[in-house]
Amino acid sequence: MNINTNNPVYSVAEFSRVIKKLVETNFSYVRIRGEISRPSFPASGHVYFTLKDSDGTIAAIIWKYNLPRLSIKPEEGMEVICTGKVTTFPGQSKYQIIVESMEVAGEGALLKMLEDRRKKLFQEGLFNKEFKKHIPYLPEIIGVITSPSGAVIKDILHRLSDRFPSHVYLYPVAVQGKESAQQISNAIDKFNQLTKETNIKKPDLLIVARGGGSLEDLWSFNEEIVVRSVFKSSIPVISAVGHETDTTLIDYVSDLRAPTPTAAAEKSVPVKDDLITKITELKFRMKKNYINKLNNKRENLYNIQRLLGKPDQIFENKNQKLDFIFRNIENQFKNIFKQYEIKIEQLFFRLVPPKTLINNSVAKKQITDIKFNNLYENIILQKETKLNSLDKLLETSSFNRTLERGFTLVMDIEGKPIKLSSDAQKKSNVKIKFADQIRSAKLDT
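In every chain, residue numbers begin from 1 and rise along the written sequence. pLDDT decides what is reported in this predicted model: residues at 70 or higher carry local features, side-chain atom pairs at 80 or more are listed and counted, and totals for whole chains, interfaces and linings draw on all residues regardless. Water and hydrogen atoms play no part in the side-chain values, which are based on all heavy atoms of the structure.

Draft legend 1. Layout of the sheet that holds strand β7 (residues 167-172). Here, a strand pair is defined by DSSP locating no fewer than two bridges between the strands. Only DSSP runs of H or I with at least four residues qualify as helices, and only runs of E with at least two residues qualify as strands; both kinds are numbered from the N terminus onward. The five strands lie next to each other as β7-β6-β8-β9-β10, forming an open sheet whose pairing is parallel. Of all the strands in the sheet, the pair left with one neighbour each is β7 and β10 (256-257). Two elements, strand β9 (residues 237-241) and β10, share two bridges in a ladder whose sense is parallel. Paired with S239 across the bridge in β10 is R257.

Structure (structure tokens):
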């Protein structure tokens, strides 16, 4: 093998720069179709993913500042066409594409992404009927979210004017394009943020509408941010996107779907003339029922009046009955008083005169005093006898008798008896108690 030793020698960094320049010079802008794999969203705000097909892969990067410009958000498994610059990354000896724009690769890929998103939101419960809100019968204020320049708002206003003129708030938004989904979501949120304290009164109903178009044109109404805003809305929402055959995800989550914007206006309010006719009919029926009921009451009153008779006769009968009741009550009171009078006489005869009661009490007291004095003298005599016996016993057992027989009691200086010689220290002062007095002494040894 012949090796040309005259070829220049590159450092790794120099060779990486050569390759980088070669790639960027020959591939300034490219469009690459593939499937997004393993998208990563680090805290830096950049997006990293791999673009792959059945035969190869290429690394891809979306810088943070360019991400808001994209019409779609990168998702796992999405088939896209990426436009950007191809460059190299010397740190890992690989080439990569810096994505500047991204679009879904064909309607089939869009439909697949739409179905995957629909299943995901369905599993979360966003489409459940239990969350659907009641559409008010006659809303005072209707909020319309659509393009201010299209035919949609004109159709809605015209239809409302024909049926029942209502107060309408228009929140202008872009109904397709990069910023459309965010604007629609913000409009729904802003309407819901209105309260009684704000200068603008909160609408009773929202209509989100746009005319027909392709799947790509209607894509803003399939974005999660719009679907979740409709779900969170405390105001009932009617969706009116596209034609009758068009279906977007907002139709599943809205409280009512209208096939067209004009139909949304029709579902929002009743027909004024029909309502007036119905009110007139109800008013006539109410008046007729009132007159019939009044006539029935008048006839019933007449019949009752005939049954009652003349007022004078009624009062005469009542007065006579009242006289009988009064006489009966009077007799009953007389009987009651008589019974109590007899009972009081009986109790009077059973009473003992106070003087007799006092004499009896004095006699009882004298007897009680005699008994008490006798008992007291007996107790004193018994205690005196017992005390004398105890005195003699004490005198008999007293140690003073022992002292009188010639014995003495040796005590320490504090007056405590000394029983053993070992209890007294040598040459200590002691006290000696004789029968007649106490003398002090000092032990010799």
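What follows picks up the thread again.
Draft legend 2. Fine view of the pairing of strand β6 (residues 141-146). With respect to burial, β6 is a largely interior element, six of its six residues being buried. Along β6, one buried face is formed by I141, G143 and I145 and the opposite face, lined by I142, V144 and T146, is buried too. Pairing of β6 with β7, which is carried by six bridges, proceeds in the parallel orientation. Each bridged residue has a counterpart across the sheet, and for I145 the counterpart in β7 is Y171. For β6 and strand β8 (residues 205-210), the ladder comprises four bridges, and the chain directions are parallel. Bridged to I142 within β8 is L205. Relative accessible area decides the class of each residue, using a 1.4 Å probe on protein chains only: under 20% of the type maximum gives buried, over 50% gives exposed, and in between gives partly exposed.

Draft legend 3. Quick look at the packing of helix α3 (residues 151-163) against helix α7 (residues 261-268). To get an axis, a line is fitted to the C-alpha atoms, and for a helix only the part in contact is used. The angle between two axes follows their N-to-C directions and goes from 0 to 180 degrees. Remark: α3 packs on α7, axes separated minimally by 8 Å, with the N-to-C direction vectors making an angle of 30°. With respect to α7, the axis of α3 lies roughly parallel. For the pair α3 and α7, the crossing hand works out as right-handed. Two secondary-structure elements touch here, α3 through V152, D155, I156, R159, L160 and R163 and α7 through P261, T262, A265 and E266. For the contact of α3 with α7, a count of residues per class yields five nonpolar, one polar and four charged. Oblique is the label for any angle not covered by the other classes, which are roughly parallel (under 35 degrees), roughly antiparallel (over 145) and roughly perpendicular (65 to 115). Note on convention: the crossing is left-handed when the near helix lies turned anticlockwise from the far helix by less than a right angle, right-handed when the turn is clockwise. It only takes one pair of heavy atoms within 4.5 Å for two residues to be counted as in contact. Gly counts as polar in this scheme, as do all residues outside two lists: the nonpolar Ala, Val, Leu, Ile, Met, Phe, Trp, Tyr, Cys and Pro, and the charged Asp, Glu, Lys and Arg.

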